[in-house]
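# Coordinates in review
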Amino acid sequence: MNTRFEKSVRSSDEWYTPKEILDALGKFDLDPCAPIRPLWPTAEVMYDQNIDGLSQIWEGRVWLNPPYSRPLIELFVRKLAEHGNGIALLFNRCDSKMFQDVIFPKATGMKFLRHRIRFYRPDGTRGESPGCGSLLLAFGKDNAEILRNCAIEGKYVQLN
C-alpha cells in the first residue's frame, strides 16, 4: 500500500487536535496519548509518551488521538475498544485490517468529517491539509449520541 501521502521524511507522531474539535465533544477524563507539551488540555488526566498510556489503567471517558505509526495505533485503538467508553480520531481507512477486525465489531458509531483537519504542530503552527480525511469513532452509547449531535460537520453512521 502506498502511504507516502501520510508520511514524509519529517514525519512525526506529534500532531495536536484542534481545540474546536475537543470543545465540540465535551470533557474527557483521560487522554492516554497526550502531547508532551500540550497547547491546551485534552482531558483531566493526560499521559504522554514518557508515561506510556498503554500500560496505565484507563478510567472514565477517553479521548484518543493515537500515534499513527504502527504498531502503536492498533494497540491504542484495541485498548479503547476493550475499554468501551470514549472517542477516537483516526484517518478514514475503513478498508484496513484494524477497521475490519477491531473497529467495526466494537465501535458504537462513527462520524465521517466533512473537511480535512489541519492539525497543529508542537510549535503551535497549523499544518497543511493531510492527504486523507478523518473520522471520529464512538465507543459507548453516550459517546455515539455526542457524535450524532455535536456541531462538527460530517455524516454520522450508527454501528452497534
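One structure accompanies this document, and this report is about it. (Residues numbered from 1 in each chain as written. Predicted model: local features only at pLDDT ≥ 70, side-chain atom pairs only at ≥ 80, totals over all residues. Heavy atoms only, no water.)

### Description of the environment of Cys150
- In this fold, Cys150 is placed in the loop between α4 (141-149) and β7 (154-158).
- Residue classification places Cys150 among the buried residues on the basis of a relative accessible area of 13%.
- Put simply, Cys150 and Ala24 are 126 residues apart on the chain and 6.0 Å apart in space, counted from C-alpha to C-alpha.
- When sequence neighbours within four positions are dropped, the list of residues in contact with Cys150 reads Ala24, Leu25 and Lys111. (Helix = DSSP H or I, 4+ residues; strand = E, 2+ residues; numbered from the N terminus. Buried < 20%, exposed > 50% of the residue type's maximum accessible area, 1.4 Å probe, protein only. Contact = heavy atoms within 4.5 Å.)

### Looking at the pairing of strand β5 (residues 109-113)
- With 4 of 5 residues buried, β5 lies mostly within the body of the structure.
- In the sheet, β5 pairs with strand β6 (residues 134-139) via 4 bridges, with the strands oriented antiparallel. Note that in β6 the partner of Phe112 across the bridge is Leu135.
- One ladder, built from 5 bridges, connects β5 with β7; its direction is antiparallel. Looking at the pairing, Met110 lines up with Val157 of β7. (Pairing = 2+ DSSP bridges.)

No statement about biological role is implied by the geometric values presented.
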